[in-house]
Amino acid sequence: IGHFAADVEAVDVGVASNATAFASNIAYRAVTNPAVQVAAGTVTAQVRFTGQSSVIISSTVTLEAQKGYLLLAVGEGGSPEPINPSLLLIEMVD
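Okay, so let's go over this structure. (Residues numbered from 1 in each chain as written. Predicted model: local features only at pLDDT ≥ 70, side-chain atom pairs only at ≥ 80, totals over all residues. Heavy atoms only, no water.)

Structural notes on the overall build of the protein
Moving on, step 1. Tallying secondary structure elements over the protein gives zero helices and seven strands in all.
Moving on, step 2. In the protein, the order of α-helices and β-strands from amino to carboxyl end is β-β-β-β-β-β-β.
Moving on, step 3. A compact globule built from 94 residues should have a C-alpha radius of gyration of about 12 Å, and the protein, at 13 Å, falls within 12% of that.
Moving on, step 4. Summarising its shape, the C-alpha atoms of the protein cover approximately 40 × 25 × 20 Å along the three principal directions.
Moving on, step 5. With 94 residues in all, the protein has 29% of them scored as buried.
Moving on, step 6. Here the contacts in the protein between residues at least 6 apart in sequence split such that 48% fall between residues at least 24 apart.
Moving on, step 7. Summed over its atoms, the accessible surface of the protein is roughly 5700 Å², and 49% of this surface lies on carbon and sulfur atoms. (Helix = DSSP H or I, 4+ residues; strand = E, 2+ residues; numbered from the N terminus. Rg over C-alpha atoms; globule rule 2.2 N^0.38 Å. Buried < 20%, exposed > 50% of the residue type's maximum accessible area, 1.4 Å probe, protein only. Contact = heavy atoms within 4.5 Å. Areas by Shrake-Rupley, 256 points an atom, 1.4 Å probe, with all protein chains shown as cover.)

Here's what the structure looks like:
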């Protein structure tokens, strides 16, 4: 998971079916390490400002078993919400 939304404070990332974030306090230009394990299937990824409950970006993605993905949050800073935020899902290939 990478945070590349300029001028946006740190974020938490999770899925809609689980209120607990699986990656927390991700700063701008940071990438989680180690990788985050998520079950295969269709999930709704959600991004929130760290410690907040309001969703600022939400996107439904399909994850296949035995594959790696890079999930990037991109956009521009804005007040009170980011401008043109989106999530990009990139399949990692060996």
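The structure having been displayed, the exposition proceeds.
Focus: the sheet that holds strand S5 (residues 55-63)
Moving on, step 1. Sheet architecture is open: four strands sit in the order S3-S2-S4-S5, paired in antiparallel fashion. The sheet is open, and its two edges are formed by strand S3 (18-26) and S5, each paired on a single side. With direction set aside, neighbouring strand axes in the sheet form an average angle of 25 degrees.
Moving on, step 2. Direction of pairing for strand S2 (residues 11-15) relative to strand S4 (residues 41-49): antiparallel, over a ladder of five bridges. Along S4, the bridge assignment pairs Val 13 with Val 47. (Pairing = 2+ DSSP bridges. Axes fitted to C-alpha atoms, helices over the stretch in contact; angles between N-to-C directions.)

Digging into the environment of Thr 50
Moving on, step 1. Within the secondary structure, Thr 50 is located in the loop between S4 and S5.
Moving on, step 2. A sequence separation of 45 residues divides Thr 50 from Ala 5, and the C-alpha atoms of the two residues are 14 Å apart.
Moving on, step 3. For Thr 50, the contacting residues outside a window of four places in its chain are Ala 10, Val 11, Asp 12, Asn 25 and Ile 26.

Quick look at the environment of Ala 40
Moving on, step 1. Among the secondary structure elements, Ala 40 is positioned in the loop between S3 and S4.
Moving on, step 2. Accessibility expressed as a relative area gives 48% for Ala 40, which makes it partly exposed.
Moving on, step 3. Spatially, the C-alpha atom of Ala 40 lies 8.8 Å from that of Lys 67, the residues being 27 residues apart in sequence.
Moving on, step 4. Apart from the residues within four sequence positions on either side, Ala 40 is in contact with Leu 63, Glu 64 and Ala 65.

Description of the pairing of S5
Moving on, step 1. Sheet analysis places S4 next to S5, joined by eight bridges and oriented antiparallel. Each bridged residue has a counterpart across the sheet, and for Val 47 the counterpart in S5 is Ile 57.
Moving on, step 2. With antiparallel pairing between neighbouring strands as the criterion, S4 and S5 make up a hairpin whose turn holds five residues, including Gly 51 at a positive phi of roughly 80 degrees.

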